[in-house]
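So you can see what is in the structure, the chains are spelled out below.
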Amino acid sequence: MILSRNAICTLRGARSLSTRASTILSALDIPVAAAELPGVYDGQWSGSGEVLESVCPTTGEVLARVRSASPHELHLALERSKEAYLHLRTIPAPRRGELLRQIREALSAKRDVLGALVSLEMGKIKTEGIGEVQEFVDICDYALGLSRMMNGRVVASERPGHTILEVPNPIGVVGVLTAFNFPVAVYGWNFSLSLVAGNANVWKPSPTTPLCSIAVTKIISGVLEKNGIPGAVSTLITGGKDVGEAIVESRDIPLVSFTGSEAVGRLVGKAVQSRFGKSILELGGNNASIIMPDADLSLAVPAVYFGAVGTAGQRCTSTRRLYLHRAIAPKFLNALQELYSGVCVGDPLVEGTLLGPLHTSAAVGIYSDAVQRLRESGADILTGGKTYDQVALSRGNFVQPTVAVPKTTDPIDKIWSTETFAPILNVGLFDELEQAIEWNNAVPQGLSSSLWTRDLRNVGKWIGPEGSDAGIVNVNVGTSGAEIGAAFGGNKSTGWGRESGGDAWKQYVRWSACTVNFSDAAPLAQGVNFAT
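Summarised in this report is the structure supplied together with it. The structure presented is a predicted model; accordingly, all values stated were derived computationally and were not measured.

1. Considerations on the pattern of salt bridges
No. 1: Evaluation of the coordinates by the stated rule reveals 22 salt bridges.
No. 2: For glutamate 98, the salt bridge identified is with arginine 101, shortest N-O distance 2.9 Å. A residue pair is termed a helical-turn pair when its members lie 3 or 4 positions apart in one helix, as glutamate 98 and arginine 101 do in helix α3 (residues 93-109) at three residues.
No. 3: Given the relative accessible area of 34%, arginine 101 is considered partly exposed.
No. 4: We note a salt bridge from arginine 315 to glutamate 128, for which the minimum N-O separation is 2.9 Å. Remark: glutamate 128 occurs in helix α5 (residues 126-146) and arginine 315 occurs in the loop between α10 (297-309) and β15 (319-325); sequence separation between them is 187 residues. Of the two residues, arginine 315 and glutamate 128, both sit in the buried class.
No. 5: Counted as one network, the salt bridges with shared partners bring together Glu79, Lys82 and Asp252.

The following block contains the structure:
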């Protein structure tokens, strides 16, 4: 066993966080001297509700206080979104695409500083923060192309002189409720496809990342206003549970996209369905990587390392379960522990840091509880399993990335079946691929999965009907780090939602089947004769 000897990356001469924060916020046109910031935008900025505090997870410093929506402001913002939709739906799709091109350029110009804000407020490392903004830029490019390609279909009619069209039209106002771990990209996925489809959007971000949402909204609103488009096309409403419930329950919002926990997602899905609305649910991920004996370990080990440690284990696609073929388990674990032992932990804004903090102190408690369950069950903790005690990290939410070998491999056991949003990787050993696939599929969640092998027969089984039942089924690619070109989402208790690429755009429109008669007769289908 290799003992943990994690390197500590200190601030290396960086200025105080408050100064660094001021620099970042000022570059994004967010006032740094204001006692409170308005957290509602519907064409104009307002906010007189409860105060939300943005707290830096690295130091615990309060970055800003944001005024959320009052009940009246919430109602007014929803009304203005409806009005904005009535305007936007009349604009041709290619012109909506041009709006997205301009938004893409504006985002790209602020990419690095907006990525720094993600690191500052959410806690992910600098390269991941910038990469998240790049996702928004990329999906704008994708939606721009869609603006001239959102095609319906022409269907052959059995009746002479008739044709059938399947026509997509805007659905209305789309509610987007996003989580803290991707405070920029997830709204980008939804907003870009929804806007190009002709919909207005209402964004309710996580109450712990209001600054990211304000910064993004300022960028988008600048483009909308320059083009004479109502700002409420991209409405922002910060707040807590009451705001989320109002959006979910509103009959004026036919589609709600929710990213978050399985427990809350279940409530959202029921509430939206009760009023016959549509929902896109992106919920828990309890993702597994399977390593076959013929795998290229020089690729597989770093991929598992990133999947488990990246974003401090706070991605929906983070690797949480690792199934190793017994023949290569010792070699793989030795190599993995070597990487863990040298992980550079510290300020996520410092170049070279690979492990930042958990987002909140509550998350540290969840991590500690999960580790305690592992210890009580007799699991072998190979590395990690506790918080850091170094003074340089004492003000932040830092925990040691953990690798554990539980006593049981029963996928029904809570250790395996429950997603813990923290850098904890549980390891199980198998002898046959079929056994590993069974374990992969036995948990309630079904977001991402990964098989490492060079055997084409294994690949065929893995991606086919006898293989992984997840929404993302990778081969020689880790569970984390999806591109925007394919639809993103999972099955089972992950929610069955799809966002980003592929055919995901089809969820943001209403479909109509239109039979057109261009003949001089009016025959009925199926040969029905109803003549008098």
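2. Considerations on the packing of aromatic side chains
No. 1: Counting across every chain of the model gives 10 aromatic pairs.
No. 2: The interplanar angle of 55° and the centroid separation of 5.7 Å between the aromatic rings of tyrosine 305 and tyrosine 340 together place this pair among those described as tilted. Placement of the pair is tyrosine 305 in helix α10 and tyrosine 340 in helix α11 (residues 329-341), with a sequence separation of 35 residues. A single burial state applies to tyrosine 305 and to tyrosine 340, both of which are buried.

3. A look at unusual backbone geometry
No. 1: Even without glycine at this site, alanine 312 takes up a positive phi of about 50°.
No. 2: Along the chain, the position of alanine 312 falls in the loop between α10 and β15.
No. 3: Although it is not a glycine, glutamine 526 sits at a positive phi angle of roughly 60°.
No. 4: On the secondary structure map, glutamine 526 appears in the segment after β26 (509-517).

4. Description of the packing of α3 against helix α6 (residues 185-197)
No. 1: Between α3 and α6, the shortest axis-to-axis distance is 8 Å and the interhelical angle comes to 150°. Between α3 and α6, the angle is such that the two are roughly antiparallel. Residues Ala93, Arg96, Gly97, Leu100 and Ile103 of α3 lie in contact with α6, whose contacting residues are Phe191, Ser192, Leu195, Val196 and Ala197.

5. A short note on the nonpolar core
No. 1: Grouped together as the largest cluster of nonpolar side chains are 96 residues, with contacts concentrated most on Ile103, Leu114, Leu117 and Phe136.
No. 2: Counting residues in each nonpolar core, the second largest holds 56 residues, with Val304, Ala308, Val345 and Val371 among its members.

6. Overview of the sheet that holds strand β8 (residues 162-170)
One key point about sheets: their strands pair by backbone hydrogen bonds, in either a parallel or an antiparallel sense.
No. 1: Ordered by their spatial adjacency, three strands build an open sheet running β7-β8-β26, and the pairing between neighbours is antiparallel. Strands with a single pairing partner mark the edges of an open sheet, and in this sheet they are β7 (153-156) and β26. The sheet shows a mean angle of 25° between the axes of neighbouring strands, direction not considered.
No. 2: Strand direction decides the pairing type here: β7 and β8, joined by four bridges, are antiparallel. Directly across from valine 155, in β8, lies its bridge partner isoleucine 164.

7. A closer look at α10
No. 1: Taking 1.5 Å as the rise per residue, α10 with 13 residues should run 18 Å; its terminal C-alpha atoms sit 17 Å apart, in good agreement.
No. 2: When α10 is considered as a whole, its buried residues turn out to be Leu297, Ala300, Val301, Ala303, Val304, Tyr305, Gly307, Ala308 and Val309.
No. 3: Structurally, α10 contributes buried residues whose contacts are with β14 (287-291), β15, α11, β19 (424-430) and β21 (448-452).
No. 4: Of the residues one or two after α10, threonine 311 is the one with positive phi, at around 55°.

8. Some words on the sheet that holds strand β10 (residues 200-204)
No. 1: Across the sheet, which stays open at both edges, the seven strands sit in the order β4-β3-β11-β10-β9-β12-β13 with mixed pairing between neighbours. In the strand order of this sheet, the two ends are held by β4 (45-46) and β13 (278-282), each with one partner.
No. 2: Here strand β12 (residues 255-259) runs beside β13; their pairing, made up of five bridges, is parallel. Residue leucine 255 lies in a different strand from β13, and its bridge partner there is lysine 278.
No. 3: Along the sheet, helix α2 (residues 71-88) makes contact with β4, β9 (173-177), β10 and β11 (234-237), crossing β10 at roughly 150°.

9. Focus on the pairing of strand β6 (residues 62-67)
No. 1: As defined by bridge partners, strand β2 (residues 37-38) adjoins β6 across two bridges and the pair is classed as parallel. When the bridges of β6 are listed, leucine 37 appears paired with valine 66.

10. Thoughts on a nonpolar patch on the surface
No. 1: On the surface, a nonpolar cluster with roughly 340 Å² of combined accessible area is contributed by Leu524, Val528 and Phe530.
No. 2: Note on phenylalanine 530: relative accessible area 73%, which makes it exposed.

11. Some remarks on the environment of cysteine 56
No. 1: Examined against the element boundaries, cysteine 56 turns out to sit in the loop between β5 (51-55) and β6.
No. 2: Taking the C-alpha atoms as reference points, cysteine 56 and glutamine 273, separated by 217 residues in sequence, lie 37 Å from one another.

12. Examining the packing of helix α14 (residues 433-441) against helix α15 (residues 456-463)
No. 1: Axis separation between α14 and α15 bottoms out at 11 Å; the angle between their running directions is 25°. Relative to α15, α14 is oriented roughly parallel. For α14 against α15, the interelement crossing comes out right-handed. Two secondary-structure elements touch here, α14 through Leu433, Glu434, Ile437 and Asn440 and α15 through Asn458, Lys461 and Trp462.
No. 2: When the residues that make up the contact of α14 with α15 are grouped by side-chain class, the tally is three nonpolar, two polar and two charged.

13. Overview of the side chain of threonine 217
No. 1: Following the sequence through the fold, threonine 217 ends up in helix α7 (residues 210-226).
No. 2: In this structure, threonine 217 is in contact with Tyr41, Trp45, Trp203, Ser234 and Leu236, ignoring residues within four places of it in sequence.

14. Digging into the side chain of serine 234
No. 1: Within the secondary structure layout, serine 234 lies in strand β11.
No. 2: Here serine 234 falls in the buried class, since its relative accessible area comes to 1%.
No. 3: At 2.7 Å, the side chain of serine 234 forms a polar contact with the side chain of tyrosine 187.
No. 4: Residue contacts for serine 234: discarding those within four places in its chain leaves Tyr41, Tyr187, Phe191, Asn201, Thr217, Ile220 and Leu224.

Rules of the game
- For every chain, the first residue of the written sequence is number 1, and numbering continues from 1 along that sequence.
- Totals for whole chains, interfaces and linings use all residues, but because this is a predicted model, local features are given only for residues with pLDDT of at least 70 and pairs of side-chain atoms are given and counted only at 80 or more.
- Computation of side-chain values covers all heavy atoms of the structure but excludes hydrogens and water.
- We define a salt bridge as a side-chain nitrogen of Lys or Arg found within 4 Å of a carboxyl oxygen belonging to Asp or Glu.
- Helix and strand definitions here come from DSSP, where helices need a minimum of 4 consecutive H or I residues and strands a minimum of 2 consecutive E residues; each element is numbered from the N-terminal end.
- For each residue, the accessible area found with a 1.4 Å probe, counting protein chains only, is set against the maximum for its type, and the residue is called buried under 20%, exposed over 50%, and partly exposed in between.
- Centre distance within 6.5 Å is the pairing criterion for rings of Phe, Tyr and Trp, where only the six-membered ring of Trp is used; planes under 30 degrees apart are then read as stacked, over 60 as edge-to-face, and the remainder as tilted.
- Here, axes are lines fitted to C-alpha atoms. For helices the fit covers the stretch in contact, and angles between N-to-C directions go from 0 to 180 degrees.
- Every angle not falling under 35 degrees, over 145, or within 65 to 115 is termed oblique; those three ranges are roughly parallel, roughly antiparallel and roughly perpendicular.
- Only heavy atoms matter for contacts: two residues are in contact if any of them lie within 4.5 Å across the pair.
- As used here, the term nonpolar core means buried Ala, Val, Leu, Ile, Met, Phe, Trp, Tyr and Cys residues forming a set that is joined through side-chain atoms within 4.5 Å.
- Strands pair, by our definition, only if DSSP identifies at least two bridges between them.
- Here a helix's expected span is defined as the number of its residues, less one, multiplied by 1.5 Å.
- In this scheme, patches are assembled from residues that exceed 30% relative accessible area and form no salt bridge. Like charges are connected within 9 Å, while nonpolar side chains (Val, Leu, Ile, Met, Phe, Trp, Tyr) are connected within 5 Å.
- Using the Shrake-Rupley algorithm and a 1.4 Å probe, accessible areas are obtained, with residue cover drawn only from the displayed protein chains.
- The handedness criterion is simple: a crossing whose near helix is rotated anticlockwise from the far helix by less than a right angle is left-handed, and one whose near helix is rotated clockwise is right-handed.
- For this classification, Asp, Glu, Lys and Arg are treated as charged, while Ala, Val, Leu, Ile, Met, Phe, Trp, Tyr, Cys and Pro are nonpolar and the rest, including Gly, are polar.
- Pairs of N or O atoms within 3.5 Å make up the polar contacts considered here, provided that, within protein, one atom can donate a hydrogen while the other can accept it, and that residues adjacent in sequence are counted only when both atoms are side-chain atoms.

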